[in-house]
Amino acid sequence: MFSAGGTVLTSDGTFDVSNYYMSREGSTSHVDHANVFYQIPAEESGLPMVFLHGYGQSRMGWMTTPDGRPGWSDLFLRMGHSVFLIDQPRRGEAGQTSVAGTISTEPSDQTWYTQFRIGTYLDNAFTYNEGSQFPTGEDVLDQFFRQMTPDTAMDSANGDQNIDTTVVAQAVAATIDEVYARTGKDSVLVTHSQGGMPGWETARYTDHIAAIVAIEPGMAPMVDSEDYAALLEKNIPVTFYYGDYIGEEFPAVPAAGMWGMMASSADAFTAAYTAAGGSSTVVHLPEEGITGNDHFMFQDLNNDVIADHVEAWIQNHAGVSGSTTPQAPAAPENEGGKSLVVYYSATGSTEAVAGYIANATGGDTFAITPAEPYSSADLNWTDSESRVSREHDDPSLRTMELTETTVDGWEDYDTVFIGYPIWWGIAAWPVDNFINANDFTGKTVIPFCTSSSSGLGESGELLAELAGTGDWQEGQRFHSSVAEADVVEWVNGLNLQ
């Protein structure tokens, strides 16, 4: 643990040692710093991650969940990242302040519960939004509400909710610089809610941000702001993550409209930022088939699924840039003829692995695309009436038209990789339609899949049986957030002839 940034106040006069307990003349006070708790994995493979909490919160929110499951700090630690968890200036264990605040004792649990889109409070009871991923139970809510902690500089008793974003941003920048001094690596900055605003400003004070992951930030930077200019000048990749129950289509969720407005600022930022040459994406989890999440998605029951999604984005947009971590080993030249990587990707994870394989083999890629694409609602496997659920229940519905099944120069490829996500323990069925349409005679076929938890299972054998031709090899399952180096190592081990 260490402190970063901050200032030192000094009072006028001379300290009276004879009256040391009461004297305040000529005294100092170390204030307005960040307090940082950190952990380093035994086998570090990714960039350091610096986490900044939101309003009324502390780093505790990243460390655990209200029902006692591992928090994001543990999940990303297991993925090979060092994690640095900030208590921002004037909060938690960084409470020393240069500005005297007041603490309000006015009850407000119901307000925040509604604001965070967990549910509402009706008939003297906390309710949950339909399909909610937030853990339930009185004990859980007790733990959740006890996470909240006041800001020592805020005049809360008189209704003030303002936070000095510059004080926070400069302390976060000092943290990131300290991480760089200790590790030689730039950091991925992960912000939440109110922490998003000083997160953007942090880019003005440090050159060691590898990327920013903003979890439902209060707002995106204005295009004409200094924060925007700093992000663009330093070419910092940015992604926004938003959960469920956002927008006018959720009239029963009181805060849905407000969050829709705030999310629209991310769209405006992304349009301008990408047009100017920057990299920015906006992830609405329901569009990725991940539903039921509220403002605290990192504490929800599926927080591991979302962490995997974030890790995949980091690998694709930040990687190990600016670090001393070894890059992916070069693959030997494939002397066994041309390779083709065929894949179906629902959320982007399989597409990323397909790209790694193509780079390693010098091969080409071919995306399997249903003529009727799957929407986020279609992919919601928790909905028994969704398209994918109905297709699971009735295999006759899995036969579908693809936009293209014929690969130019198919006869010239000696090795074909087939990639797919796992659906209910088998290959996602759009792949079946490609297999049925092609003759694999004379080709070496190597299946691979991506999954956060499921293994390859019998998916490869079932595809081989469906094809009826080709020399099908043992396949490989990759974690949804696998590093390119791991994929290249696997390809090198195939010894393609």
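Residues numbered from 1 in each chain as written. Predicted model: local features only at pLDDT ≥ 70, side-chain atom pairs only at ≥ 80, totals over all residues. Heavy atoms only, no water.

Draft legend 1. Quick look at the overall build of the chain. Counting its secondary structure elements, the chain contains 14 helices and 19 strands. The dimensions of the chain, computed from C-alpha atoms along their principal axes, are 95 × 55 × 40 Å. Here the chain holds 497 residues, and 51% of them are scored as buried. Put simply, 76% of the contacts in the chain that link residues at least 6 apart link residues at least 24 apart. For the chain, the computed accessible surface area is about 21,900 Å², with 48% contributed by carbon and sulfur atoms. The averaged location of the 69 negative side-chain charges in the chain is 5 Å from the averaged location of its 18 positive side-chain charges. (Helix = DSSP H or I, 4+ residues; strand = E, 2+ residues; numbered from the N terminus. Buried < 20%, exposed > 50% of the residue type's maximum accessible area, 1.4 Å probe, protein only. Contact = heavy atoms within 4.5 Å. Areas by Shrake-Rupley, 256 points an atom, 1.4 Å probe, with all protein chains shown as cover. Lys, Arg positive; Asp, Glu negative; His and termini not counted. Charge placed at Lys NZ, Arg CZ, Asp CG, Glu CD.)

Draft legend 2. Just the nonpolar core, in detail. Counting 39 residues, the largest nonpolar core has Phe51, Trp72, Phe76, Val213 and Tyr241 as the members making the most contacts within it. Those elements giving two or more residues to this core turn out to be strand 5 (49-52), helix 2 (72-78), strand 6 (83-87), helix 3 (109-115), helix 4 (138-145), strand 9 (187-192), strand 10 (209-215) and helix 9 (303-317). When residues of this core are assigned to their parent elements, the largest contribution, 5 residues, is made by helix 9. Once residues within four sequence positions are removed from consideration, Phe51 is found in contact with Trp62, Trp72, Phe76, Val83, Phe84, Leu85, Ile86 and Val190. Among the nonpolar cores identified, the runner-up in size contains 37 residues, and Ala220, Val238, Ala263 and Phe269 belong to it. (Core = buried A, V, L, I, M, F, W, Y, C linked by side-chain atoms within 4.5 Å.)

Draft legend 3. Spatial organisation of the pairing of strand 12 (residues 280-284). Here 5 bridges tie strand 11 (residues 238-242) to strand 12, and the two strands are oriented parallel to one another. Residue pairing across strands places Tyr242 opposite His284, the latter belonging to strand 12. The β-α-β motif built from strand 11, the intervening helix 8 (residues 256-275) and the parallel element strand 12 has right-handed crossover chirality. (Pairing = 2+ DSSP bridges. Right-handed = clockwise from strand over helix to strand, strands pointing away.)

Draft legend 4. Region of interest: the pairing of strand 14 (residues 364-367). Inspection of the sheet shows strand 13 (residues 338-343) paired to strand 14 by 4 bridges, in the parallel sense. Opposite Tyr343, over in strand 14, you have Ala367 as the bridge partner.

Draft legend 5. Representation of the packing of aromatic side chains in the model. Counting across every chain of the model gives 40 aromatic pairs. Both rings, one in Phe51 and one in Phe76, keep their centres 6.2 Å apart while their planes meet at 50 degrees; by these two values the pair is tilted. You can see Phe51 sitting in strand 5 and its partner Phe76 sitting in helix 2, a full 25 residues away along the chain. Classification of Phe76 as buried rests on a relative accessible area of 0%. (Phe/Tyr/Trp six-rings, centres within 6.5 Å; stacked < 30°, edge-to-face > 60°.)

Draft legend 6. Region of interest: the sheet that holds strand 5. Spatial strand order, 1-4-6-5-9-10-11-12: 8 strands in an open sheet with mixed pairing. The outermost strands of the open sheet, each flanked by one partner alone, are strand 1 (2-4) and strand 12. Ignoring which end each strand starts from, the neighbouring axes of this sheet average 25 degrees apart. Relative to the sheet, helix 8 contacts strand 11 and strand 12, its axis offset from that of strand 12 by approximately 150 degrees. (Axes fitted to C-alpha atoms, helices over the stretch in contact; angles between N-to-C directions.)

Draft legend 7. Quick look at helix 9. Between its first and last C-alpha atoms helix 9 spans 21 Å; for 15 residues at 1.5 Å apiece the expected length is 21 Å, and the two agree. Buried residues dominate helix 9, accounting for 11 of its 15 residues. Looking at helix 9, one finds that the buried residues are Asn303, Ile306, Ala307, Asp308, His309, Val310, Glu311, Ala312, Trp313, Ile314 and Gln315. (Expected span 1.5 Å × (residues − 1).)

Draft legend 8. Spotlight on helix 5 (residues 165-183). The terminal C-alpha atoms of helix 5 lie 27 Å apart, and with 19 residues this matches the ideal 27 Å at 1.5 Å per residue to within 8%. Among all positions in helix 5, only Val167, Val168, Ala169, Ala171, Val172, Ala173, Thr175, Ile176, Val179 and Thr183 are buried. Between the side-chain oxygen of the N-cap and the backbone nitrogen of Thr166 there are 3.2 Å, and the N-cap of helix 5 in question is Asp164. Looking one or two residues past helix 5, Gly184 carries a phi angle of roughly 75 degrees, positive in sign. (Polar contact = N/O pair within 3.5 Å; in protein donor to acceptor, adjacent residues only side chain to side chain.)

Draft legend 9. Looking closely at the packing of helix 7 (residues 226-233) against helix 8. The N-to-C vectors of helix 7 and helix 8 enclose an angle of 40 degrees; their axes lie 11 Å apart at closest approach. One element, helix 7, and the other, helix 8, form an angle in the oblique class. Helix 8 is crossed by helix 7, and the crossing has right-handed handedness. Across from Tyr228, Leu231 and Leu232 in helix 7, the residues of helix 8 making contact are Phe269, Ala272 and Tyr273. (Parallel < 35°, antiparallel > 145°, perpendicular 65-115°, else oblique. Left-handed = near helix turned anticlockwise from the far one by under 90°.)

Draft legend 10. Focus on a negative patch on the surface. A grouping of Glu130, Asp383, Glu385, Asp393 and Asp394 is seen on the molecular surface, where their side chains present a negatively charged patch. One can find Asp383 in the loop between strand 14 and helix 11 (387-393). (Patch = residues over 30% accessible without salt bridge, like charges linked within 9 Å, V, L, I, M, F, W, Y side chains within 5 Å. Salt bridge = Lys/Arg side-chain N within 4 Å of Asp/Glu carboxyl O.)

Draft legend 11. How the structure looks around the environment of Val416. By the secondary structure assignment, Val416 is in strand 15 (residues 413-423). Put simply, Val416 and Gly363 are 53 residues apart on the chain and 9.3 Å apart in space, counted from C-alpha to C-alpha. Apart from the residues within four sequence positions on either side, Val416 is in contact with Leu340, Val342, Trp410, Phe440, Lys443, Thr444, Val445 and Ile446.

Draft legend 12. Quick peek at the pattern of salt bridges. By the definition in use, this model includes 15 salt bridges. Between Arg59 and Glu93 there is a salt bridge, with its nearest N and O atoms 2.8 Å apart. Within this pair, whereas Arg59 is found in the loop between strand 5 and helix 1 (60-63), its partner Glu93 is found in the loop between strand 6 and helix 3, the two being separated by 34 residues in sequence. What you see here is one network of salt bridges that share partners, running through Glu201, Arg204, Glu226 and Asp227.

Draft legend 13. Quick look at unusual backbone geometry. For Asp123, which is not glycine, the phi torsion reads 50 degrees and is therefore positive. Looking at the secondary structure, you find Asp123 in the loop between strand 7 (121-122) and strand 8 (125-126). Given the relative accessible area of 76%, Asp123 is considered exposed. A positive phi is found at Ser193, a non-glycine position, where the angle reads about 55 degrees. Note on placement: Ser193 falls in the loop between strand 9 and helix 6 (196-202). Look at Ser193 and you get buried, because its relative accessible area is 12%.

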